[in-house]
Amino acid sequence: MSISEYVGHFRKARIAAALVPLAALVACGGQSTEAGAHDAPTTRFTENGVTVTLTVSDWHAPNGTLTAVFTPEGKGFHLYSTDLPAAGIEGVGRPTAVDVTGVLRADGKLTASADVRTINVPGVEAPVPVYPDGPVTTTLPIRADGNGEATVLLGYASCSAKEGCTIPVSDRPVHLRVGDGGPTFGAR
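Quick caveat: nothing in here was measured; it's all calculated off a predicted structure.

Definitions and cut-offs
Residues numbered from 1 in each chain as written. Predicted model: local features only at pLDDT ≥ 70, side-chain atom pairs only at ≥ 80, totals over all residues. Heavy atoms only, no water. Helix = DSSP H or I, 4+ residues; strand = E, 2+ residues; numbered from the N terminus. Buried < 20%, exposed > 50% of the residue type's maximum accessible area, 1.4 Å probe, protein only. Contact = heavy atoms within 4.5 Å. Areas by Shrake-Rupley, 256 points an atom, 1.4 Å probe, with all protein chains shown as cover. Disulfide = S-S within 2.5 Å. Core = buried A, V, L, I, M, F, W, Y, C linked by side-chain atoms within 4.5 Å. Polar contact = N/O pair within 3.5 Å; in protein donor to acceptor, adjacent residues only side chain to side chain. Pairing = 2+ DSSP bridges. Axes fitted to C-alpha atoms, helices over the stretch in contact; angles between N-to-C directions. pLDDT = per-residue confidence, 0-100.

Chemist: Explain the overall build of the protein to me, using residue names and the numbers behind them.
Modeler: Broken down by element type, the protein carries one helix and 15 strands. Expressed as a percentage of its 188 residues, the buried residues of the protein come to 35%. Once local pairs closer than 6 in sequence are excluded, the contacts in the protein between residues at least 24 apart make up 63%. Carbon and sulfur atoms make up 55% of the accessible area of the protein, which amounts to about 11,000 Å² in all.

Quick look at the structure:
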């Protein structure tokens, strides 16, 4: 192989190597980070067997949508319905809940992407409303009453017929700040 053939081959290999990550990004649905691209504010935490991912999207001041994705860590775990009473049914279960305080307020009803089904729990006479095993996405329309501090309050519990239940979480705070550019997580 001549030197010019070697250099040409080397250039083609470098170009191909540069294009592979780009192709992977496109195939995975990656988004551009060009100037002008706006990523929705997002935060995540894991507590008591559930990972919660919060995102504020569709922000057109003063309105937006707060999305909370609740993902149980173990296989076969479900979450309870948003319509479950605060104390559960005969003490069983805790509702999946999302609320806002401070300069944010709910501007509609919390909805979930999953259909509710009922289960029978030994020792409990009434059926208990739950979501199918796995992640549940909830959405809450929100409205800002100006700039300042706000808090998202989350509640949930996950259970499995085989593994039992995790400790319920009530009013778990996640702080954010609403400014002229919209909401951002991590305030305080």
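Chemist: Which residues make up the state of the cysteines, and what values go with them?
Modeler: This structure, assessed with the given rule, holds one disulfide. There is a disulfide in this structure between Cys159 and Cys165, and the S-S distance comes to 1.7 Å. With the S-S dihedral at roughly 115°, the linkage between Cys159 and Cys165 falls on the right-handed side. Take Cys165: its relative accessible area is 54%, and that puts it in the exposed class.

Chemist: Hey, could you go over the nonpolar core for me, with residue numbers and the actual values?
Modeler: Note on soluble globular proteins: their nonpolar side chains tend to be buried together. Counting 28 residues, the largest nonpolar core has Leu54, Leu66, Phe70, Val98, Val152 and Leu154 as its most contacted members. Of all the secondary structure elements, the ones that give two or more residues to this core are strand 2 (50-60), strand 3 (63-72), strand 5 (97-102), strand 10 (136-144), strand 11 (148-156) and strand 14 (169-179). In contact with Leu66, other than residues within four places in its own chain, are Leu54, Thr55, Val56, Val98, Val100, Thr138, Thr139, Leu140, Ile142, Val152 and Phe185. If you look at the next biggest cluster of nonpolar residues, it comprises nine residues, including Leu84, Ile119, Val128 and Cys159.

Chemist: Go over the side chain of Thr166 with me, naming the residues and quoting the values.
Modeler: Residue placement: Thr166 occurs in the loop between strand 13 (164-165) and strand 14. At 3.2 Å, the side chain of Thr166 and the backbone oxygen of Asn48 are in polar contact. Contact partners of Thr166, with chain neighbours within four places excluded, come to Asn48, Gly49, Phe77, Ala157 and Ser158.

Chemist: A description of the sheet that holds strand 11 should follow, citing residues and the corresponding values.
Modeler: Here we have four strands laid out as an open sheet, ordered 5-11-14-15, and antiparallel in their pairing. Because the sheet does not close on itself, it has two edges, and the strands there are strand 5 and strand 15 (182-185). Pairs of neighbouring strands in the sheet enclose a mean axial angle of 30°, with direction left out of account. As judged from the four bridges shared by strand 14 and strand 15, these two strands associate in the antiparallel manner.

Chemist: Pulling in residues and values, what's your account of the confidence of the model for the protein?
Modeler: Scored by pLDDT, the protein comes out at a mean of 83, with 79% of its residues at no less than 70. Ignoring residues within four places in sequence, the model shows residues 1-37, a span with pLDDT below 50, making four contacts including any to other chains.

Chemist: Please set out the environment of Leu79 residue by residue, giving values where relevant.
Modeler: Within the secondary structure, Leu79 is located in strand 4 (residues 78-79). The contacts of Leu79, once residues within four sequence positions are left out, are Val50, Phe70, Pro72, Thr96, Val130, Tyr131, Gly134, Val136, Tyr156, Ala157 and Ser158.

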